[in-house]
Amino acid sequence: MPEGVGTLHELRAALDAGETSSVEIVGQCLRRAEASQDTLNAFVGLRAEAALREAEESDTRRERGEVRSPIDGLPLAIKDNMVQTSEPAHCASRILEGFISPYTATAVEGLERSGAIVIGRTNMDEFAMGSSTEHSVNGPTRNPWDADRTPGGSSGGSAAAVAARIVPAALGSDTGGSIRQPASFCGVVGMKPTYGRVSRWGLVAFASSLDQIGAFAQTAADCAWIFEAIAGHDSRDSTSIPEPAPAYSGALSGDVSGLRIGLPKEYFVEDGVDAGILAAVRDSVAELERAGAKTVEVSLPHARYAVATYYAIANAEASSNLARFDGVRYGHRAVGAKGLTEMYCRTRSEGFGTEVKRRILLGTYFLSAGYYDAYYRKAQQVRTLVRRDFERAFEACDALITPTSPETAFRLGEKTSDPLTMYLSDIYTVSANLAGIPALSMPCGSVGGLPVGLQIFGSALDEATPLRIADAFQAITDHHTACPGDFA
Amino acid sequence: MARINRAEVERVAFLARISLSDGEADQLVQEFDSFLGYIETIQEVDTEGVEPTAHPVSLPTPTRPDRPAAAMDAGLAVANAPETAASGFLVPKVIGTEAEG
């Protein structure tokens, strides 16, 4: 197998020193993606020809001194739910088979404008509904640390591709933890910014009030570069935050002295989480304290209602968003239907997988006459209380630290027969989506040879503080440099 | 007592325009019951007088000047459709078929 790729920062330095070229780096990524595909199934498609052509263009720009950004000429992967002109976007679903996008997502445009090169599309749970990347029409993605285990989900392909050093970075989307949980399972950094920070234009909608595009990389400093390329106001997304995104790299001072880190007591209960994970997170917090950070215990009293609240809201919104897949404008259409209703029913039954149907039906139920107030409206009210919990907690601290997941990567098939157990694996991540706040996961140790993720929540609009803490932590520890044995 | 019965699951499936096999419907009755049991935990929360949150970041409705601008080429817009006629989407006959209800 071709050698693994370095971080964005390492590759930038090598390019600037004239030690390599974009064509060389992109070629290496493409060969590694192909060589690992049978083992990992991280990709659903590569754009080899286009990527190499773009790499040549980037090399020409560099020779002329016209480098557009720090990530110019550097390869990334994107999740299969973001569109790019003339490329497929299937959301790992049969219902979008054959779809070729006539336009490009704003976030992907941001990468293109910065000169970054999309080498391929990564596998995911169908329509981002899942926590294991097993609910995919392309088959499951496997965890680079142990091929019998899941990479987490739903952005499992992106997380696995970065962990296996196939690409230095990738985009994912996070509706209830779909970036952070796979980042945790695969031992990489994954971050969702504040809701509205990155445009959702061109991201196939799952739950519109929760969905947010974010980034995977080996380091926080690399994530900062990606957000500088993709964040910012977009008039095509009516929920886009009007303020310009800050220059994130500038916030990475390496200094955490005086920062107040809140530890929500509800996330540190012994019976809900693997003891080894708690120990790894506590050790990491102690490391930050030695570097000058202060800790304070805080409380998020509604945390235990977050998963139930999340699934009521997410499924309701999904049932509405996925109504558009009707066999009329794109994707699969059932053949031989007599009449429009039969065509809709059969198209959707044939096109959607079991998990997606389950969620659409639950969501339809929550929104149906007689149940709306008891489920959907009630969940929206609890959502307000979850949000207020965070506002109150952030009065006493600058960031919160928790485990990302109560467990390390679980085995393939372990939870597919019990959907509710699968849903509970999002227990530590969903609150950030309900509150709309930024959150990242970074590797902080291992249990039984599998990576452990530490989650940092920031207050609304403050991606900089979690990035700064993670960057400072990575400067004094080496958990993020651990590479799965088969991909070292 | 079960929280939901087979007839209700089938009613919801029709609202969502998804047809279910007998096996799928039976399984969903059981799964719905366990999900609803779990989701009902939110009923414990006192939400008297609490405003619902529809979006986490509250922004005023954005406006823009109403100026003509280029739209996507019609041919491109229908290029992904299973069946088209000229630059339109072709669907099965809507009026006068028994299947419509």
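Residues numbered from 1 in each chain as written. Chains lettered and ligands numbered in written order. Predicted model: local features only at pLDDT ≥ 70, side-chain atom pairs only at ≥ 80, totals over all residues.

Caption draft 1: The overall build of chain A, seen in detail. Looking only at helices and strands, chain A has 15 helices and 11 strands in total. Computed over C-alpha atoms, the radius of gyration of chain A comes to 21 Å, within 12% of the 23 Å expected from 2.2 N^0.38 for 488 residues, which places it in the range of a compact globule. Considering chain A as a whole, with its 488 residues, one finds that 63% of them fall into the buried category. When contacts within chain A are restricted to residue pairs at least 6 apart in sequence, long-range pairs at least 24 apart make up 76% of them. (Helix = DSSP H or I, 4+ residues; strand = E, 2+ residues; numbered from the N terminus. Rg over C-alpha atoms; globule rule 2.2 N^0.38 Å. Buried ≥ 20, exposed ≤ 12 C-beta atoms within 10 Å, placed from the backbone. Contact = placed C-beta atoms within 7 Å.)

Caption draft 2: Focus on the overall build of chain B. A tally of helices and strands in chain B yields three helices and two strands. Secondary structure elements in chain B, listed N-terminal to C-terminal, are α-α-α-β-β. Its C-alpha atoms give chain B a radius of gyration of 23 Å, more than 25% over the compact-globule value 13 Å for 101 residues. Based on the C-alpha atoms only, the size of chain B along its principal axes is roughly 55 × 45 × 25 Å. By sequence separation, contacts in chain B at least 24 residues apart represent 33% of the contacts at least 6 residues apart.

Caption draft 3: Representation of the interface of chain A and chain B in the model. Of the residues lining the interface, 57 residues belong to chain A; the matching set on chain B comes to 46 residues. Contributing elements (two or more residues each) for the side of chain A that touches chain B: helix H9 (306-321), helix H10 (340-351), helix H11 (354-367), helix H12 (372-396) and helix H13 (419-424) of chain A. For the side of chain A that touches chain B, the leading source of residues is H12(A), giving 11 residues. For the side of chain A that touches chain B, the class distribution of residues is 28 nonpolar, 17 polar and 12 charged. (Nonpolar A, V, L, I, M, F, W, Y, C, P; charged D, E, K, R; others polar.)

Caption draft 4: Broad picture of the pairing of strand S4 (residues 169-173) of chain A. All names here are of chain A. In terms of burial, S4 is a largely internal element, five of the five residues being buried. Summarising the sheet, S4 and strand S6 (residues 213-217) pair through five bridges and their orientation is antiparallel. By the bridge assignment for S6, Gly 172 is matched with Gly 214. (Pairing = 2+ DSSP bridges.)

Caption draft 5: Just helix H1 (residues 6-15) of chain B, in detail. Buried within H1(B) are the following residues: B:Val9, B:Val12 and B:Ala13. On an axial view of H1(B), the arc spanned by its buried residues comes to 100°, and they lie on one face. The elements touched by buried residues of H1(B) are H11 of chain A together with helix H2 (22-39) of chain B. Trailing H1(B) by a residue or two, B:Arg17 shows a phi angle of about 55°, which is positive. (Arc of directions from axis to C-beta.)

Caption draft 6: Layout of the packing of H11(A) against H2(B). The contact between H11(A) and H2(B) brings their axes to 11 Å, and the two run at 60°. In terms of axis orientation, H11(A) runs oblique to H2(B). By crossing handedness, the relation of H11(A) to H2(B) is classed as right-handed. Here A:Arg358, A:Leu361 and A:Leu362 of H11(A) lie close against H2(B), whose contacting residues are B:Leu28, B:Glu31, B:Phe32 and B:Phe35. A per-class count over the contact of H11(A) with H2(B) returns five nonpolar, no polar and two charged. (Axes fitted to C-alpha atoms, helices over the stretch in contact; angles between N-to-C directions. Parallel < 35°, antiparallel > 145°, perpendicular 65-115°, else oblique. Left-handed = near helix turned anticlockwise from the far one by under 90°.)

Caption draft 7: Up close: unusual backbone geometry. All names here are of chain A. Going from Gly 153 to Ser 154, the amide bond is cis rather than trans, its omega being 10°. The residue Ser 154 is located in the loop between strand S3 (117-122) and helix H5 (156-163) in this model. Within the chain, Cys 91 stands out as a residue other than glycine whose phi angle is a positive 50°. Mapping Cys 91 onto the fold places it in the loop between strand S2 (75-79) and helix H4 (106-113). Judged by the 28 C-beta atoms lying within 10 Å of it, Cys 91 is buried.

Caption draft 8: Representation of the nonpolar core within the structure. All names here are of chain A. By size, the foremost hydrophobic cluster in this structure holds 170 residues, and its most contacted members are Leu 76, Val 167, Val 189 and Phe 216. At 10 residues, H9 tops the list of elements feeding residues into this core. Sequence-distant contacts of Val 167, that is, excluding residues within four places in its chain, are made with Val 5, Cys 29, Pro 75, Leu 76, Ala 77, Ile 119, Ala 161 and Val 162. (Core = buried A, V, L, I, M, F, W, Y, C linked by C-beta atoms within 7 Å.)

Caption draft 9: View of the packing of H11(A) against H1(B). At a closest axis distance of 9 Å, the pairing of H11(A) and H1(B) adopts a crossing angle of 95°. With respect to H1(B), the element H11(A) is oriented roughly perpendicular. On the side of H11(A), the interface is formed by A:Leu361, A:Thr364 and A:Tyr365, while H1(B) contributes B:Val12, B:Ala13 and B:Leu15. Here the contact of H11(A) with H1(B) is built from residues that sort into five nonpolar, one polar and no charged.

Caption draft 10: Geometry of the confidence of the model for chain B. Residues and elements named next belong to chain B. Per-residue confidence for chain B gives a mean pLDDT of 90; residues scoring 70 or more make up 94%. Confidence, expressed as mean pLDDT per element, reaches its minimum in chain B at helix H3 (residues 74-77) with 92 and its maximum at H1 with 96. Both confidence scores are given for the complex: pTM 0.97, ipTM 0.93. (pLDDT = per-residue confidence, 0-100.)

Caption draft 11: Main features of the environment of A:Ser238. In this structure, A:Ser238 sits in the loop between helix H7 (220-230) and strand S7 (260-264). Spatially, the C-alpha atoms of A:Ser238 and A:Ser199 are 8.9 Å apart, while their sequence positions differ by 39 residues.

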